[in-house]
Amino acid sequence: MPLHRRNLLLAGSGLALAGGRARAQGGPLRLGVLTDMSGPYRDLTGPGSFAGARQAAEEFSAATGIAVEIIVGDHQNKPDVGANIARQWFDREGVEAIIDLPNSAVALAVSGIAREKNKVVLGSGVGSTVFSGAQCSPNSVQFTYDTYMLAKGTGDALVKQGADSWFFITADYAFGHALQADTSRFVEAAGGKVLGAARYPFPATTDFSSFLLQAQSSRAKVVGLANAGADLINCIKQAREFGLTRGSTKLACLLMTVVDSIALGLPEAQGLLMTESFYWDLNDRTRAFAERVKSKRQGGVVHASCAGCYGVTLHYLKAVKDLGVERARASGLDVVNRMKAIPCDDDAFGPGRIREDGRKLTPGYLFQVKSPAESRGPFDVHKLVATTPAEEAARPLAEGGCPFVRT
Amino acid sequence: MDDIFGIPAPLLFGQLLLGLINGAFYAMMSLGLAVIFGLLNIINFTHGAQFMMGAFAAWMLLEWAGLNYWWALVLVPIIIGFTGVVLERLMISRLYKLDHLYGLLLTFGLGLIIEGVFRNQFGSSGLPYRIPAELQGAWDLGFMFLPIYRGWVVIAALVLCLATWLIIEKTRLGAYLRAATENAPLVQAFGVNVPRMVTLTYGFGVALAAIGGVLAAPIYSVNPQMGTNLIIVVFAVVVIGGMGSILGSIITGFGLGIVEGLTKVFYPEASATVIFVIMAIVLLARPAGLFGRA
């Protein structure tokens, strides 16, 4: 049964959507996008991720005749809700793989369940490096990005441009700390200095002017913003307001996406630097992909999560076809091993491969936000500044500490 | 450079000023709550959502009707205030005879629904809204850079607070309002239409939240969650000042803004908690709040 948008919104109750009765065998191959449909990461993932996965399923089905069904669930950024949906999907709905999983806490919970049940986690929205490090799973893949790539792409590149003294404004929780620590390492390794940091209470802060003033009085050349979403946007708006960026001070956004650039508007966002692994206007193939998926995005931009869900789903389906559907249903581990054995190639990311620890190797692109004069349309917001090659953008295998990887 | 407690003096002065600016927001927001609670006995948990609606209404006027910030400042309080009037007539007015708790639950639920509807419609990542051209730029005060817009917010908030206080404490209308809260049947016996007055008061409180939203739109991200974080702090301000005390909420708003600003210099991690620590102490020592009547 095809899934309609209306049903999709009902997923807010935390219950998984089922088209009909459970079916473990036969019927279409069923995959579930488990994402944030109603919370702070909705615009960065959510409906866009769902669109990407559906696009991959459609293209694959049209080419091979193998029927694939994509369902969606809302984890509400709560690990317990996410874990419940995952169990229900695996046990009763016959779901073979769970896709996306923004919010690392939810992703880690679901990854444990998938391993126990020998299913698959296609973590295209997972950012924490732990996912392919200390808490890696042989049944999981981390596809689109991780905080190592973000920190290296932005930290390294800026120091090389001469911006060698940093002050951080950091969200006071695990994600913010990790982002600050990772970036500090690259800044110092490249010969830069970290002058200080202000950790603000998360999520209870809306006014950042105090912290911006502290950053200003430190006389650092770069203010690193180790936060995301609305906090990041507030920081940037207020930094402009307080004249922080008038002189030579630069703002480095350690987790910013094309969606944030559009939300801020180019007059406010122009000149900002950020790292992502996908931008719709990168080359002919990305443009072709964006054009194909456009009708499913309902007016939204085709963002990295949409591309990530597309790429990882397509690659998963290729591995399933290689193995045969019956064997794929029987063992998620076999599918993931197959995914690691065959090379990736899709329009969104181009050629690449998945490493032993489950991390997809993909280049990190440093983008700068265009000025209003440079932009030719509402989604034409980024230009490419530098590229970190795929092998360098991922943390070296030996440093990850993934238990099942022999180094 | 002179240091005060190990902090460079310019930084400290800057933080004090910023504290005052944030205090202006707290004062303005808590004023609306205090007016509503003082006169209606309703703990208006929809206030955060109404603040958010104010900011969104400003954005809609700009994007859909081409009306700029100054128009928004006039029209938004009227529009959102009117939605408040409708809300009061349709739902809240049915709860006056019941315990406070029912009003709290209703307004809290309404706040969540409004937020959810906006999130479905506009997404969660926020919408751009620029500072009006007339108020762009900044003054260099020597010890810090003061954006003109922030100065404007403080002035606007002070004027609004003073005007509200004067209306309620010094005018005949205010006297009617205060009398109606003490003894509504008696005031009605004198020929005053008390239910209508109460409705308009709620609309006025909501309009104050909406103005807050318009003032906030250029400096904070305009997104559906923007009221949620602020409203909790503002409730603490109202409780510390004394539920329903108008002067109390104004003074406490500014005072707590400064305390919070200083905390951000000395121990940033605690800046969100400090207000609640003060709230706990005040509740232990003076349960009715600093300016409240026991």
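Here the structure is a predicted model, which means the values were calculated and not measured. (Residues numbered from 1 in each chain as written. Chains lettered and ligands numbered in written order. Predicted model: local features only at pLDDT ≥ 70, side-chain atom pairs only at ≥ 80, totals over all residues. Heavy atoms only, no water.)

**Student:** Even after reading the chapter, I still don't get the overall build of chain B, so can you show me in this structure?
**Tutor:** When its secondary structure is counted, chain B shows 11 helices and 4 strands. On C-alpha atoms alone, chain B measures out to a radius of gyration of 19 Å, which is about the 19 Å that the 2.2 N^0.38 rule sets for 294 residues. Projecting the C-alpha coordinates of chain B onto the three principal axes gives extents of approximately 65 × 50 × 35 Å. Residues classed as buried in chain B amount to 55% of the 294 residues present. Restricting to contacts in chain B with at least 6 residues of sequence separation, those with at least 24 account for 76%. Carbon and sulfur atoms make up 70% of the accessible area of chain B, which totals about 12,900 Å². When the 13 positive and 12 negative side-chain charges of chain B are each reduced to one mean point, those points stand 15 Å apart. (Helix = DSSP H or I, 4+ residues; strand = E, 2+ residues; numbered from the N terminus. Rg over C-alpha atoms; globule rule 2.2 N^0.38 Å. Buried < 20%, exposed > 50% of the residue type's maximum accessible area, 1.4 Å probe, protein only. Contact = heavy atoms within 4.5 Å. Areas by Shrake-Rupley, 256 points an atom, 1.4 Å probe, with all protein chains shown as cover. Lys, Arg positive; Asp, Glu negative; His and termini not counted. Charge placed at Lys NZ, Arg CZ, Asp CG, Glu CD.)

**Student:** Before we go on, may I ask you to explain the sheet that holds strand S13 (residues 360–361) of chain A in this structure?
**Tutor:** All names here are of chain A. Taken together, 3 strands build an open sheet; the order of strands is S11-S12-S13 and the sheet is antiparallel. Only two strands of the sheet have a single partner each, and these edge strands are strand S11 (344–346) and S13. Across the sheet, helix H12 (residues 304–323) touches S11 and strand S12 (350–354), and the angle it forms with S11 is around 125 degrees. (Pairing = 2+ DSSP bridges. Axes fitted to C-alpha atoms, helices over the stretch in contact; angles between N-to-C directions.)

**Student:** Quick question: what am I supposed to make of the interface of chain A and chain B here?
**Tutor:** It is common to report an interface's size as the accessible area lost on association of the parts. At the interface, 36 residues of chain A touch 39 residues of chain B. For the pair chain A and chain B, the summed buried surface comes to about 3,100 Å²; carbon and sulfur atoms form 52% of the total. Counting across the chain A and chain B interface gives 3 salt bridges. Residue Arg150 of chain B is joined to Asp207 of chain A by a salt bridge in which the shortest nitrogen-to-oxygen separation is 2.8 Å. Where chain A packs against chain B, one counts 12 residue pairs in polar contact (both at pLDDT 80 or more). Breaking the side of chain A that touches chain B down by element, the ones donating at least two residues are helix H7 (209–217), helix H8 (229–241), helix H9 (258–264) and helix H10 (266–269) of chain A. When grouped by side-chain class, the residues that make up the side of chain A that touches chain B number 16 nonpolar, 11 polar and 9 charged. (Buried area = accessible area lost by both parts, 1.4 Å probe. Salt bridge = Lys/Arg side-chain N within 4 Å of Asp/Glu carboxyl O. Polar contact = N/O pair within 3.5 Å; in protein donor to acceptor, adjacent residues only side chain to side chain. Nonpolar A, V, L, I, M, F, W, Y, C, P; charged D, E, K, R; others polar.)

**Student:** Any chance you could explain the domain arrangement of chain A here in plain terms?
**Tutor:** Residue and element names in this part refer to chain A. By domain assignment, chain A separates into domain 1 (5–145 + 282–361) and domain 2 (148–276 + 363–393). Computed from C-alpha coordinates alone, the two centres of domain 1 and domain 2 are separated by 29 Å. Counting residues at the interface gives 15 residues for domain 1 and 17 residues for domain 2. Taken together, the links from domain 1 to domain 2 amount to 1 salt bridge. (Domains from an automatic or database assignment.)

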